Amino acid sequence: MVTAAEIDLVPLRSVYAGELYYPGEDPAYAAHVVRSYLAWAKEQPEEMSSSVTLLRFPDAPHLPDEYRGRSFVLVHIVCTADEERGDRLVEPLRALAPEKDTCATMPYTQVTEIHHDPKHPVSVHFRSALLHELDDVAVETLVSFIDPALPGGPFPNIELRHLGGALSRPPELAHAVGVRDAPFHLWMRTPTPDGTADEARRVSDEVLKRLRPWDTGDLLPGFLFDHDSDPERVRRAYAEPDYRRLTRLKAEYDPHNLFRINHNIPPVFDGA
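J.: I keep staring at the overall build of the protein and nothing clicks. Help me out?
T.: The helix and strand inventory of the protein stands at six helices and eight strands. Sequence-ordered secondary structure for the protein, helices as α and strands as β, is β-α-β-β-α-β-β-β-α-β-β-α-α-α. Whereas a compact globule of 272 residues would reach a radius of gyration of roughly 19 Å, the protein reaches 20 Å, a difference of no more than 12%. With the C-alpha coordinates aligned to their principal axes, the bounding extent of the protein is approximately 60 × 45 × 35 Å.

J.: I keep staring at the pattern of salt bridges and nothing clicks. Help me out?
T.: Close approach of charged atoms allows side chains of opposite charge to pair. In this structure the tally under the stated criterion is 18 salt bridges. Where R85 meets E47, a salt bridge forms, and the shortest distance between an N and an O atom there is 2.8 Å. Taken together, the residues R85 in helix 2 (residues 83–94) and E47 in the loop between helix 1 (27–42) and strand 2 (48–56) connect sequence positions 38 residues apart. With relative accessibility at 25%, the residue E47 sits in the partly exposed group. For R235, the salt bridge goes to E240, with nearest N and O atoms at 2.6 Å.

J.: What am I meant to see in the layout of surface pockets here?
T.: Once rolled over the atoms, a probe with the size of a water molecule shows which space is left empty. In this structure, the largest pocket occupies an estimated 1,100 Å³ of space. Together, 35 residues line the largest pocket, and F57, H116, P118, N157 and P191 are the ones closest to its centre. Of all the secondary structure elements, the ones that give two or more residues to the lining of the largest pocket are strand 1 (14–23), strand 2, strand 3 (71–79), strand 6 (124–131), strand 7 (157–162) and strand 8 (184–191). Class assignment for the residues of the lining of the largest pocket results in 19 nonpolar, ten polar and six charged. Considered as a void within the structure, the second largest pocket measures approximately 640 Å³ in volume. As for the second largest pocket, its lining consists of 14 residues, of which M1, L246, L249, K250 and I265 are closest to the centre. Class assignment of the residues belonging to the lining of the second largest pocket gives a composition of eight nonpolar, three polar and three charged.

J.: Just to check I follow, could you spell out a nonpolar patch on the surface for this structure?
T.: A cluster of nonpolar side chains, namely M1, L258 and F259, defines an oily patch on the protein surface of about 400 Å² accessible area. Within the element layout of this structure, M1 appears in the segment before strand 1. For M1, a relative accessible area of 82% puts it in the exposed group.

J.: Help me understand helix 3 (residues 136–144), please; the structure alone is not making it clear to me.
T.: In an α-helix, one full turn covers 3.6 residues, which means residues spaced three or four apart are oriented alike. Taken together, the buried positions of helix 3 are A138, V139, T141, L142 and V143. Contacts from the buried residues of helix 3 go to helix 1, strand 2, strand 7 and helix 4 (197–210). A distance of 3.2 Å separates the backbone nitrogen of V137 from a side-chain oxygen at the start of helix 3, and that oxygen is part of D135.

J.: Quick question: what am I supposed to make of the nonpolar core here?
T.: In summary, soluble globular proteins display a tendency toward joint burial of nonpolar side chains. Residues V73, I77 and L93 are the most contacted members of the largest nonpolar core, which totals 42 residues. The contacts of L93, once residues within four sequence positions are left out, are L20, Y22, Y37, W40, V75, I77 and P98. Formed by nine residues, the second largest nonpolar core is a distinct cluster that contains L219, L224, Y243 and I265.

J.: Honestly, the environment of H162 in this entry has me stumped. Any pointers?
T.: Mapped onto the secondary structure, H162 falls in strand 7. Of the residues examined, H162 reaches a relative accessible area of 28% and is grouped as partly exposed. Taking the C-alpha atoms as reference, H162 lies 9.1 Å from A182; in sequence the two are 20 residues apart. Discounting chain neighbours no more than four positions away, the residues touching H162 are Y37, A41, K42, S50, P183 and F184.

J.: Just checking my understanding: could you explain the pairing of strand 3 for this structure?
T.: Note on strand geometry: in a regular strand, side chains alternate between the two faces of the sheet. Extensive coverage of strand 3 is indicated by the burial of eight of its nine residues. In this sheet, strand 3 lies alongside strand 1 in antiparallel orientation, the contact comprising eight bridges. Its bridge partner being in strand 3, Y22 is matched across the sheet by V73. Strand direction decides the pairing type here: strand 2 and strand 3, joined by nine bridges, are antiparallel. Within strand 3, the position partnered with T53 by the bridge is L74.

J.: Looking at this model, I keep getting lost on the packing of aromatic side chains. Mind explaining?
T.: Scanning the model with the defined rule gives eleven aromatic pairs in all. Their ring planes at 75° and their centres at 5.3 Å tell us that W187 and F223 sit as a pair that is edge-to-face. Of the two residues, W187 is situated in strand 8 and F223 in the loop between helix 4 and helix 5 (231–235); the sequence distance between them amounts to 36 residues. With a relative accessible area of 14%, W187 lands in the buried category. Cluster of aromatic residues (ring-pair linked, three or more members): Y21, F57, Y67 and F72. A cation sits over an aromatic face here: R189 above W187, 4.4 Å from the ring centre.

Cut-off values and rules
Residues numbered from 1 in each chain as written. Predicted model: local features only at pLDDT ≥ 70, side-chain atom pairs only at ≥ 80, totals over all residues. Heavy atoms only, no water. Helix = DSSP H or I, 4+ residues; strand = E, 2+ residues; numbered from the N terminus. Rg over C-alpha atoms; globule rule 2.2 N^0.38 Å. Salt bridge = Lys/Arg side-chain N within 4 Å of Asp/Glu carboxyl O. Buried < 20%, exposed > 50% of the residue type's maximum accessible area, 1.4 Å probe, protein only. 1 Å grid on protein atoms, 1.4 Å probe; cavity = no way out; pocket = protein on both sides within 12 Å on 5 of 7 lines; lining within 4 Å. Points joined across faces, edges and corners; volume = space filled by probe spheres on them. Nonpolar A, V, L, I, M, F, W, Y, C, P; charged D, E, K, R; others polar. Patch = residues over 30% accessible without salt bridge, like charges linked within 9 Å, V, L, I, M, F, W, Y side chains within 5 Å. Areas by Shrake-Rupley, 256 points an atom, 1.4 Å probe, with all protein chains shown as cover. Contact = heavy atoms within 4.5 Å. Polar contact = N/O pair within 3.5 Å; in protein donor to acceptor, adjacent residues only side chain to side chain. Core = buried A, V, L, I, M, F, W, Y, C linked by side-chain atoms within 4.5 Å. Pairing = 2+ DSSP bridges. Phe/Tyr/Trp six-rings, centres within 6.5 Å; stacked < 30°, edge-to-face > 60°. Lys NZ or Arg CZ within 6 Å of the ring centre and 35° of its normal.

Shown next as structure tokens:
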């Protein structure tokens, strides 16, 4: 049970941020954009955070014409540098001829708008994984899920978030987030309108199955979802020494596992 939290604030009024839209209908071009992004991300300073998203929109009348029935590769960036340096860092991505480019200086208070998250509750199936470095086969596998020739839905939103930086370094104060060496975090968000939850789970399973050669086997504690409620999956979110320490703490403070309606860590007693 968390009884208090202390948060250090950063004096940051604005960021250089936005997204670059690349058409994804041509698999060769889409793969080129993804490969170029992966190479670019490796060279970025810690002031640059980024992700690449592969998505395919349904041919639905409620969508704007510019998105309806189309596929895209999106690169999202947030950079704490000024606009001049931000422009220089993003230039290699602009050289790939994005269809749309919104990268510019914006108030930090608008940073959550970059991903266009819905303002109201929606039904979505979430999945995640931590990945090794991705080769050409991995890129072609990812691009195959936004092939416009695919029949029907569901339509997974597959995002690769570039990790590293402070996350990869030991913390000043010990904590339980011990999974630090994966270069990419895979996060999938698949809409589940009425009656499609099972199909969304099936498609998500297929994505993870085909990406298994690049899966580290670990998970991030903050990205455990309904599918990750099994204790063995929860265990994958912690380094082994941290997990053993947590089970001993659970035995000390909650020996009967009262707090179990969660991503549960069962108590383990000394000598058990």
